[in-house]
Structure formats: C-alpha cells, structure tokens
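Each chain, written out:
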Amino acid sequence: GKHLWLRNNLSTWVSQLLDSVVFAFLAFAILPRLLMSPDQVLPMDVVIEIVITTYLLKILVAAIDTPFIYLSRFWKPKELTVIV
C-alpha cells in the first residue's frame, strides 16, 4: 500500500520508545533500588541518557531497514492458487 516507509517507521518509533523507557527504568532505576545498595544505583540523569541513546540507535536502525522492506516486497513471491 501507500506510505509503507511511514507505517514501518512510525510503528517502530512508537514501540521502541515504549521498549526503551520500560527496559531502562526497570533495569537501571527500579530493580536496582529494590535489590541493591543505594550507592550502586545509577543517577536518574544517567538512566535518561540511556533511554535517549538507545532510542536514537533504534530509530537509526529503523531508517536503515526501510529499503529492505521495499526490497522484500519486490521479491515477494506471487500468490499461489491452491487446487484441492
């Protein structure tokens, strides 16, 4: 359909933002506060930097994989008719 690149990237951007935020806060902010001593917990500004940098890397990968989406559509086998 139309705007495949936009649908591909928007869905990736939204899902990866959610993934980055949830993972970073659980792994580096919430669980360490529950399981480790306070001096081993990362400061909140570092956790936010982790969220931002991992999210930006995921956006870059989404932009790089867009041509491959079009390539796969080009090489997609034609639909087969099954005779029963």
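Right above here is the structure, for reference.
Residues numbered from 1 in each chain as written. Predicted model: local features only at pLDDT ≥ 70, side-chain atom pairs only at ≥ 80, totals over all residues. Heavy atoms only, no water.

Chemist: Which residues make up the overall build of the protein, and what are the values?
Modeler: For the protein, the helix and strand inventory stands at two helices and zero strands. For the protein, whose C-alpha radius of gyration is 20 Å, the value lies well above the compact-globule estimate of 12 Å for 84 residues. Taken along its principal axes, the extent of the C-alpha atoms in the protein is 65 × 30 × 15 Å. For the protein, the proportion of its 84 residues judged to be buried stands at 15%. Sequence separation of at least 24 residues holds for 63% of the intrachain contacts in the protein that already meet a minimum separation of 6. (Helix = DSSP H or I, 4+ residues; strand = E, 2+ residues; numbered from the N terminus. Rg over C-alpha atoms; globule rule 2.2 N^0.38 Å. Buried < 20%, exposed > 50% of the residue type's maximum accessible area, 1.4 Å probe, protein only. Contact = heavy atoms within 4.5 Å.)

Chemist: Give a detailed account of a nonpolar patch on the surface, specifying residues and quantitative values.
Modeler: Among the surface-exposed residues, L18, V22, L26, I30, L31, L34, L35 and M36 lie close enough to one another that they form a single nonpolar patch of about 780 Å² accessible area. Within the secondary structure, L35 is located in helix α1 (residues 4-35). (Patch = residues over 30% accessible without salt bridge, like charges linked within 9 Å, V, L, I, M, F, W, Y side chains within 5 Å. Areas by Shrake-Rupley, 256 points an atom, 1.4 Å probe, with all protein chains shown as cover. Salt bridge = Lys/Arg side-chain N within 4 Å of Asp/Glu carboxyl O.)

Chemist: Break down the pattern of salt bridges for me, citing the residues and quoting the values.
Modeler: Applying the stated criterion across every chain, the model contains one salt bridge. Notably, a salt bridge pairs K58 with D19, separated by 2.6 Å at the nearest N-O pair. Taken together, the residues span a long stretch of sequence, with K58 in helix α2 (residues 44-75) and D19 in helix α1 at a distance of 39 residues. Exposure remark for K58: the relative accessible area of 23% places this residue in the partly exposed category.

Chemist: Help me get a handle on the packing of aromatic side chains, residues and values and all.
Modeler: Going through the model one piece at a time under the given rule, you end up with one aromatic pair. A ring pair is formed by F23 and F28, whose centres lie 6.0 Å apart and whose planes are at 90°; its orientation type is edge-to-face. Exposure remark for F28: the relative accessible area of 26% places this residue in the partly exposed category. (Phe/Tyr/Trp six-rings, centres within 6.5 Å; stacked < 30°, edge-to-face > 60°.)

Chemist: Explain the side chain of N9 to me, and be specific about the residues and the numbers.
Modeler: Of note, N9 is situated in helix α1. Other than its neighbours up to four places away in sequence, N9 contacts A62, A63 and T66.

Chemist: So what's going on with α1? Which residues, and what values?
Modeler: Taking 1.5 Å per residue, 32 residues should reach 46 Å; α1 reaches 44 Å between its end C-alpha atoms and fits that length. Maximum bend of α1: about 45°, positioned at L26. Every buried residue of α1 is listed here: L4, N8, N9, S20, A24, A29 and P32. Contacts from the buried residues of α1 go to α2. (Expected span 1.5 Å × (residues − 1). Bend = angle between axes of the 7 residues up to and from the residue.)

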